[in-house]
Amino acid sequence: MKKTMTQEQRYRMMIETPIPKLIPKLAVPTIISMLITAVYNMADTFFVSQIGTSASGAVGIIASLMFMIQAIGFTFGMGSGNYISRSLGDQNGEEAGKAAATAFFSVFVIGILILVFGMMFREPLVYLLGATPTIAPYAMEYMRYILYAAPFMLCSFVMNNILRSQGIALYAMFGIAAGGILNMILDPVLIFVFDMGIAGAAVATMFSQMISFCILLGQCNIRKDSIKIRLSNFTPTPRMYGIILHAGLPSLCRQGMMSASSVVLNLAAGPYGDAAIAAMSIVGRFMMFINSGLIGFGQGFQPTCGFNYGARRYDRVLESFWFCLKVATVVLTVLGTISFAFARPIITLFRKEDMEVIRIGSRALRFQLATMPIQGWIIMCNMLTQSVGYGFRASLVAMGRQGLFLIPALLILPPALGVLGVQAAQPIADVCTFFLATVIVVPVLRDFRKKAEKKEEEM
């Protein structure tokens, strides 16, 4: 049986292990959990798409709500996680425990509020999210169970990041993976065997989120080498919330803008019928699958970056950034090229009965895959600035791809170009964000290089 590490041993590991060895060690469990999450999201879309085009469109509508929930969860999870990494790098375990408890209990309360108010305004909410009259009944049924799961989803996001921030992502993987596998098993059983239709997919998601919550809570509170989530550490002070929200602001911007742009995308695609909404929903889920591996790899970078920044090892911060960027660019280029060649069969797999979904979706997918090689730079720049506490600059990068550029593109291009404008909006936003990230991050990299050189001279 593997002996658990003390916090001192983990500290030494994070600041002394060679970067090419450390980051994959931390990233692999997160990559697996992210891929499993992406696979069961695609499984939801696949099985629901067999019901019909309107049902498939409903998944895209409720995805906007789930992005909102994720935005809150990632804000508190990433915000507390980054502070935990820096606190442990500075060998301050007490502050790390306060951040963990404050984030956990805060999102649980927020989840209850989302459940209550979401159920009260369910019908107007689905139309606000972009549903058409034919999609709305499916969307309302799906939404009911997603709202029931909201408190558990939020807490799971926080606990996942708490574990990752300590360099023990393997424990987090068990909870995420168990929930994802359960969801994939329950989807076809509840949808087809028990004839629950789209409600079956939502119930499967709800149960999987509850199981993940239980496992993650056990990992946090039972493992000896993990920070415990204790009510006694709950510190709802302006200072603590300021620290968490400042560090988590980029996640709020990224996920919040993703939710807002998803709503705008649904509204922009709506005039072209349920097929357009369904097609863009399928493309979105597939692109999330491709990007999930990159995000998982980057989340192996974040605790490394946070620990070493807290320990003032700027040389290792820079080394880890360039290592991750090189790996990400190569992998995304290969995956993007292969997927580009099979774009039409990929869309056909989800909705082979509807030629309009295939036509719209395959072209939109090719457009987005064409910008895959630059995604590594965008995401790694965002994660670097967020991990070292440069919240505003990280927020600008995060907002660029999903909001500052995408929303205007969706408002301007479809009226001028029709459905082509809907398909081309995301890749245009990606190119603009690439240049924005470059302008923001290059000075940060130069500053770290100067600090690293100065420290080396002093030694």
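Here the structure is a predicted model, which means the values were calculated and not measured.

Parameters and conventions
Residues numbered from 1 in each chain as written. Predicted model: local features only at pLDDT ≥ 70, side-chain atom pairs only at ≥ 80, totals over all residues. Heavy atoms only, no water. Helix = DSSP H or I, 4+ residues; strand = E, 2+ residues; numbered from the N terminus. Contact = heavy atoms within 4.5 Å. Phe/Tyr/Trp six-rings, centres within 6.5 Å; stacked < 30°, edge-to-face > 60°. Buried < 20%, exposed > 50% of the residue type's maximum accessible area, 1.4 Å probe, protein only. Lys NZ or Arg CZ within 6 Å of the ring centre and 35° of its normal. Salt bridge = Lys/Arg side-chain N within 4 Å of Asp/Glu carboxyl O. Patch = residues over 30% accessible without salt bridge, like charges linked within 9 Å, V, L, I, M, F, W, Y side chains within 5 Å. Areas by Shrake-Rupley, 256 points an atom, 1.4 Å probe, with all protein chains shown as cover. Core = buried A, V, L, I, M, F, W, Y, C linked by side-chain atoms within 4.5 Å. Disulfide = S-S within 2.5 Å.

A. Here's a closer look at the environment of Leu 294. You can see Leu 294 is positioned in helix 10 (residues 274-310). Separated by 260 residues in the primary sequence, Leu 294 and Met 34 place their C-alpha atoms 9.2 Å from one another. Not counting residues within four places of it along the chain, the set of residues in contact with Leu 294 comprises Ala 328, Leu 332, Gln 375, Gly 376 and Ile 379.

B. Looking closely at the packing of aromatic side chains. One pass over the structure, following the stated rule, counts 19 aromatic pairs. Residues Phe 286 and Phe 289 carry aromatic rings whose centres are separated by 6.3 Å and whose planes lie at 45 degrees to one another, so their mutual orientation is tilted. With Phe 286 and Phe 289 both in helix 10, this residue pair falls 3 residues apart, about one helical turn. Of the residues examined, Phe 289 reaches a relative accessible area of 23% and is grouped as partly exposed. The ring of Phe 340 carries the charged tip of Arg 366 above its face, separated from the ring centre by 5.9 Å.

C. Main features of the pattern of salt bridges. Summed over all chains, the structure comprises 7 salt bridges. Across the pair Arg 351 and Glu 353 runs a salt bridge whose closest N-O atoms are separated by 2.9 Å. Arg 359 serves as the salt-bridge partner of Glu 356, at 2.8 Å between the closest nitrogen and oxygen. Of this pair, Glu 356 and Arg 359 both sit in helix 13 (residues 355-369), 3 residues apart, roughly one helical turn.

D. Region of interest: a nonpolar patch on the surface. A contiguous nonpolar surface patch, about 740 Å² in accessible area, is contributed by Phe 108, Val 109, Ile 112, Leu 113, Val 116, Phe 117, Met 120 and Phe 121. Mapping Met 120 onto the fold places it in helix 4 (residues 93-120). Of the residues examined, Met 120 reaches a relative accessible area of 53% and is grouped as exposed.

E. Broad picture of the nonpolar core. One finds Phe 301, Phe 321, Leu 365, Leu 384 and Phe 448 to be the most contacted residues of the largest nonpolar core, which totals 149 residues. In terms of residues, this core owes the most to one element, helix 6 (residues 136-165), which gives 18 residues.

F. Region of interest: the state of the cysteines. If you walk through the whole model with that rule in mind, you get 0 disulfides. Free of any disulfide, Cys 220 has its nearest cysteine sulfur in Cys 155, 11 Å distant. Free cysteine: Cys 324, not disulfide-bonded; nearest cysteine sulfur from Cys 305 at 9.3 Å.

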